[in-house]
Amino acid sequence: MKTMMIKALALGFGLVTLAAGPGAHAEGNPAAGRKKAETCSGCHGEDGNSNAPIFPKLAGQHAAYLTKQLREFRSQNRGESTMAAIAEPLSDEDIADLSAWFAQGTVHIEEEEGDYSAGERLYRSGDLAKGIPACSACHGPHGEGNGEAGFPALRGQYSAYVAKALREFKADERRNDRNQMMRDIAGKLSDEDLGAVSDFVSVLK
């Protein structure tokens, strides 16, 4: 158990890949990205804060993570027909510009009252009995993620979207996580665990 936990903490695990492998990416132009993002606003909002919980918030996400996801939609390494069609004509410059624009935004945190204690325990401490590492080990104590390591920010992300991503990893329907980390972790989550941690990150600041 100790060896497994150390390995998990060393390698990290990512979500809403939610993990993006670190990799070199060109610095984009946010101003150019803002113009190019007009076609994205219908789903993701003009400022990257989507109005519908089925679409992820992109504002404040790490540029490297966004770049990885767009490239993988384009190559269909991350299977999603709508995004694949949108990303297919994008150049590397387009992707860098879009990533830079959304990365400089500020995510809107949901203000909802409720009991998030179960999700908070999983996020901050994991569950040793189930072999689940703490989410905070890679995604940070405040859900800020780690851009250098390629782990996405989770704070303020819609619960419904996080749950969807976790279910896809759990079912092996999403396979663009580094070293199969998220598939391994999600496979150990019960439906209750999955819902609790998704709810918690949506209000995490």
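Residues numbered from 1 in each chain as written. Predicted model: local features only at pLDDT ≥ 70, side-chain atom pairs only at ≥ 80, totals over all residues. Heavy atoms only, no water.

- Per an unreviewed UniProt entry, the recorded name for the protein is Cytochrome c4, and the organism is Methylococcus capsulatus.
- In its Subcellular location (unreviewed entry) section, UniProt records this for the protein: "Periplasm". (UniProt positions renumbered as here; feature names shortened; annotations may be inferred.)

Regarding the nonpolar core
A general feature of soluble globular proteins is that nonpolar side chains tend to end up buried together.
Okay, so step 1: In this structure, Tyr 123, Ile 132, Leu 166, Val 197, Phe 200 and Val 201 are the most contacted members of the largest nonpolar core, which totals 20 residues.
Okay, so step 2: Residue assignment for this core shows that the elements contributing at least two residues are helix H7 (117-125), helix H9 (159-170), helix H10 (181-186) and helix H11 (191-203).
Okay, so step 3: Here this core gets five residues from one element, more than from any other, and that element is H11.
Okay, so step 4: With near-sequence residues (within four places) excluded, Tyr 123 lies in contact with Ala 134, Cys 135, Ser 136, His 139, Gly 140, Pro 141, Gly 143, Leu 154, Val 197, Phe 200, Val 201 and Leu 204. (Core = buried A, V, L, I, M, F, W, Y, C linked by side-chain atoms within 4.5 Å. Buried < 20%, exposed > 50% of the residue type's maximum accessible area, 1.4 Å probe, protein only. Helix = DSSP H or I, 4+ residues; strand = E, 2+ residues; numbered from the N terminus. Contact = heavy atoms within 4.5 Å.)

Topic: the environment of Lys 130
Okay, so step 1: By secondary structure assignment, the location of Lys 130 is in the loop between H7 and helix H8 (136-139).
Okay, so step 2: For the pair Lys 130 and Ile 185, spaced 55 residues apart in the sequence, the C-alpha separation amounts to 9.6 Å.
Okay, so step 3: The contact partners of Lys 130, leaving out residues within four places of it in the chain, are Lys 188, Ser 190 and Asp 193.

Concerning the confidence of the model for the protein
Okay, so step 1: Per-residue confidence for the protein gives a mean pLDDT of 90, with 88% of residues at or over 70.
Okay, so step 2: Contacts from residues 1-23, a stretch scored under 50 in pLDDT, to residues over four places away or in other chains number 83 contacts. (pLDDT = per-residue confidence, 0-100.)

Description of the side chain of Ser 159
Okay, so step 1: Position of Ser 159 relative to the elements: it lies in helix H9.
Okay, so step 2: Exposure remark for Ser 159: the relative accessible area of 18% places this residue in the buried category.
Okay, so step 3: When neighbours within four sequence positions are excluded, Ser 159 is seen to be in contact with Ser 198, Asp 199 and Ser 202.

What to know about helix H6 (residues 92-103)
Okay, so step 1: A rise of 1.5 Å per residue sets the reference length of H6, with its 12 residues, at 16 Å; its end C-alpha atoms lie 16 Å apart and thus fit the reference within 8%.
Okay, so step 2: The buried fraction of H6 is high, at nine of 12 residues.
Okay, so step 3: Considered for burial, the residues of H6 that qualify are Asp 94, Ile 95, Ala 96, Asp 97, Leu 98, Ser 99, Ala 100, Trp 101 and Phe 102.
Okay, so step 4: Close packing links the buried residues of H6 with helix H2 (30-36) and helix H4 (63-75). (Expected span 1.5 Å × (residues − 1).)

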